[in-house]
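Overview (structure and organization)
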Amino acid sequence: MDTSDKKRILAQLKSEFGEIAGAPFDLPLDITTEQLQLICNAILQKEEASVYSFFVDEHEITSSLEETLKGQDVSSEKVLEIIYQPQAVFKVRAVTRCTSSLPGHAEAVISVSFSPDGRYLASGSGDTTVRFWDVNTETPQFKGEGHRHWVLCISWSPDGKKLASGDKNGQILIWDPETGKQMGKPLSGHKQWITCLTWEPLHSNASCRRLASSSKDTTIRIWDTVLNQPLICLSGHLNSVTCLRWGGTGLLYSGSQDRTICVWRANDGVLCKKLEGHAHWVNTLALSTDYVMRTGPFDPREASIVYREVTEDRDELQKKALERYNEARGENPERLVSGSDDFTLFLWKPELEKKPIARMTGHMQLINDVRFSPDGRIIASASFDKSIKIWDGRTGKYLSSLRGHVQAVYQVAWSSDSRLLVSGSADSTLKVWDMNTKKIAVDLPGHADEVYAVDWSPDGQRVASGGKDKVLKTWRQ
């Protein structure tokens, strides 16, 4: 660039979907992100000012445009495209301290999960019980006894009124979080242990009746949790089904140890597609709309410290959930990411095609957990190679590695504003990572042994973790 015109450049604002905003305009090179925010809001003329982040050639503008363009050959003749992305309006603060250690379980805590509105906290353990904990007072609330073997997975219905739990005998129980009592009789049918449970999204069905379960016995079953009956049994996998996701458009996605991912129509059980590419067991799946379907009608933006009673009727809740789902999904179809024992991830658009968008390589060991950020822009994958890798949620491009754990990373959980990530590891610590700097924000030691399960409440207030030391810990700011 010539020194005489060094101070200014012609720029064009563009959305992440390629929509052009306004005409190209002249910008000083030392413009800061705050000034770009003002310009962007002025051009878009939204009723409420939004917070945006800006990118040039996939490099984020963090301080000023000049800093970002350093080392890049930019011509003053060409129009510089600046991509803007809206960010969450609210901000979740990082958790920094352990506020309580809750003993109670007699064996390792295998799963921990907050209800969709963050009001209840449940945990499943090797001691065959499901326990409910009072989130406000941080004390034990109910002990759900009924399983006769280890509780391997738990899943909240999207309206937060039921919890399903599956055990190593292949039985599924439904619990009422208000009373801690079992609802109806056990759902029996699977011949071997339950590997995953997933509910039909609220925007598809307001009554939250249908639950899908996958098992080591190679089948997937869809249940009616009101009549306590099996509706459909899906058999197509040749080996244990390891993970299951219920999509927002009526499709079920299942990953298996037969190295394939099957796409099923949930209403009639028809196998639509088989996604092939992995060279070893498929361990984990995540959908770009997972978070919005998990939280259903409960918008984290409206979360309050004191939980309000849900007064809306089913139809209102369904309408709200559908609005949130459509907003999160945008114009594009849902994206699916799969992680495997072959150390790779694949990114798919399963509604459209069988061919993957990207094959994501870099991990040196098997991949244990993968999660899309709540806004669907970033994928985080946790591996036995002690690292967490961050990928672009749309293209699958590698962005960075988060290193700090000294043993295998088992599970990760996002904060509802997509700015922070928490991870639990075999090294007995949790770590909170800042997505702006891609570095560790807070180190949280405290557990006496491996941390198997971790979850961040949808209202952003607390993190819960459980593991081999049989203690459930809650962490807050």
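Residues numbered from 1 in each chain as written. Predicted model: local features only at pLDDT ≥ 70, side-chain atom pairs only at ≥ 80, totals over all residues. Heavy atoms only, no water.

Considering the pattern of salt bridges
Quick reminder of the rule: The term salt bridge refers to a pairing of a side-chain nitrogen on Lys or Arg with a carboxyl oxygen on Asp or Glu at a separation within 4 Å. Per-residue accessibility, obtained with a 1.4 Å probe over protein chains only, is compared with the maximum for each type, and a residue is labelled buried under 20%, exposed over 50%, and partly exposed between these values.
Applying the stated criterion across every chain yields a total of 17 salt bridges. Ionic pairing is found between Arg265 and Asp268, a salt bridge with its closest N-O pair at 2.8 Å. Residue class for Arg265 comes out partly exposed when judged on its relative accessible area of 38%. A salt bridge links Arg371 to Asp369; its shortest N-O distance comes to 3.3 Å. The buried category is assigned to Asp369, whose relative accessible area is 6%. Residues participating in the shared-partner salt-bridge network are Glu16, Asp375, Arg377 and Arg394.

A few points about the sheet that holds strand β28 (residues 378-383)
Basically, it comes down to this: Pairs of strands are assigned from DSSP output, requiring at least two bridges between the strands. The helix and strand labels rest on DSSP assignments: H or I over at least four residues marks a helix, E over at least two residues marks a strand, and numbering proceeds from the N terminus. Axes, fitted as lines to C-alpha atoms, cover a helix only where it is in contact. Angles between the N-to-C directions of the axes lie from 0 to 180 degrees.
As summarised here, the arrangement of the four strands in space is β27-β28-β29-β30, forming an open sheet in which the pairing is antiparallel. Each edge of the open sheet carries a strand with a single partner, namely β27 (367-372) and β30 (398-403). Strand-to-strand twist across the sheet, computed as the mean angle between neighbouring axes with direction ignored, equals 20°.

Details of helix α4 (residues 314-329)
Working note: α-helix, 3.6 residues per turn, so residues spaced by three or four point in the same direction. Filter applied, for reference: How far a helix is expected to stretch is found by multiplying one less than its residue total by 1.5 Å. The directions considered for the arc are those from the helix axis to the C-beta atoms. In what follows, residue pairs with any heavy atoms lying within 4.5 Å of each other are defined as contacts.
Helix length check: α4, at 16 residues, gives a terminal C-alpha distance of 22 Å against a target of 22 Å (1.5 Å per residue), a fit within 8%. Restricting attention to buried positions, one finds in α4 the residues Leu317, Ala321, Arg324 and Tyr325. Each buried residue of α4 lies within a common arc of 100° when the element is viewed along its axis, so the set occupies one face. With respect to the buried face of α4, the exposed residues turned more than 90 degrees away are Asp315, Lys319 and Glu327. Where α4 is buried, its residues touch α3 (290-295). Where α4 ends, the next residue or the one after it, Gly330, has phi of about 70°, a positive value.

Considerations on the side chain of Glu450
Quick note on the threshold: Charged-residue counts in this description rest on Lys and Arg as positive and Asp and Glu as negative, His and the chain ends being excluded. We define a polar contact as two N or O atoms separated by no more than 3.5 Å, with the added condition that, inside protein, one atom must be a possible hydrogen donor and the other a possible acceptor, whereas residues neighbouring each other in sequence contribute only through side-chain atom pairs.
With respect to the helices, strands and loops of the structure, Glu450 is situated in the loop between β34 (439-444) and β35 (451-456). Despite being buried, Glu450 has no salt bridge partner; Lys468 is the closest side chain of opposite charge, sitting 4.5 Å away. Side chain to side chain, Glu450 and Tyr410 meet in a polar contact 2.7 Å long. Beyond its immediate sequence surroundings of up to four residues, Glu450 is in contact with Tyr410, Ser425, Ala426, Ser428, Gly467 and Lys468.

A short note on the side chain of Ser256
Secondary-structure assignment places Ser256 in strand β20 (residues 251-256). At a separation of 3.0 Å, a polar atom in the side chain of Ser256 contacts the main-chain carbonyl oxygen of Ser240. Those residues within four positions of Ser256 in sequence are excluded, and the remaining contacts are His237, Asn239, Ser240, Val241, Thr242, Trp281 and Val282.

Let's talk about the confidence of the model for the protein
Quick reminder of the rule: Scored between 0 and 100, pLDDT is the confidence that the predictor attaches to each residue.
Looking at the protein, the pLDDT average stands at 90 and 97% of residues meet or exceed 70. Confidence drops under pLDDT 50 across residues 1-5; counting only partners more than four residues distant or on other chains, this segment forms five contacts.

Things to note about the sheet that holds strand β23 (residues 282-287)
Taken in spatial order, the four strands make up an open sheet running β23-β24-β25-β26, and their pairing is antiparallel. Where the open sheet ends on each side, the last strands, each with one partner, are β23 and β26 (358-360). Across the sheet, the mean angle from the axis of one strand to that of its neighbour is 20°, orientation sign disregarded. The pairing of strand β24 (residues 336-340) with strand β25 (residues 345-348) spans four bridges and is antiparallel. Paired with Val337 across the two strands is Leu347, which belongs to β25.

Looking at helix α1 (residues 33-44)
Taking 1.5 Å per residue as the helical rise, α1 with its 12 residues ought to reach 16 Å, and the 16 Å between its terminal C-alpha atoms agrees with that figure. On its buried face, α1 is in contact with β1 (8-15), β2 (20-28), β3 (52-56) and β5 (80-86). The first or second residue beyond α1 is Gln45, which carries a positive phi of 50°.

Some points on the nonpolar core
Soluble globular proteins: nonpolar side chains tend toward being buried together. Our working rule: Joining through side-chain atoms within 4.5 Å is the link that ties buried Ala, Val, Leu, Ile, Met, Phe, Trp, Tyr and Cys residues into a set, and such a set is a nonpolar core.
Counting 20 residues, the largest nonpolar core has Leu27, Phe54, Leu65 and Ile82 as its most contacted members. Not counting chain neighbours up to four residues away, the residues in contact with Phe54 comprise Leu13, Thr33, Leu36, Gln37, Cys40, His59, Glu60, Ile61, Ile82, Ile83 and Tyr84. Judged by nonpolar contacts, the second largest core, of 16 residues, contains Leu420, Leu430, Leu444 and Val463.

Quick notes on the pairing of strand β11 (residues 151-156)
Among the six residues of β11, five are classified as buried, and the element is accordingly described as predominantly covered. Two strands pair when backbone bridges link them, and β11 and strand β12 (residues 163-167) are joined in this way by five bridges, in the antiparallel orientation. Paired with Trp156 across the bridge in β12 is Leu163. Remark: six residues form the turn of the hairpin made by β11 and β12, two consecutive strands paired antiparallel; Gly160 in that turn has positive phi of roughly 75°.

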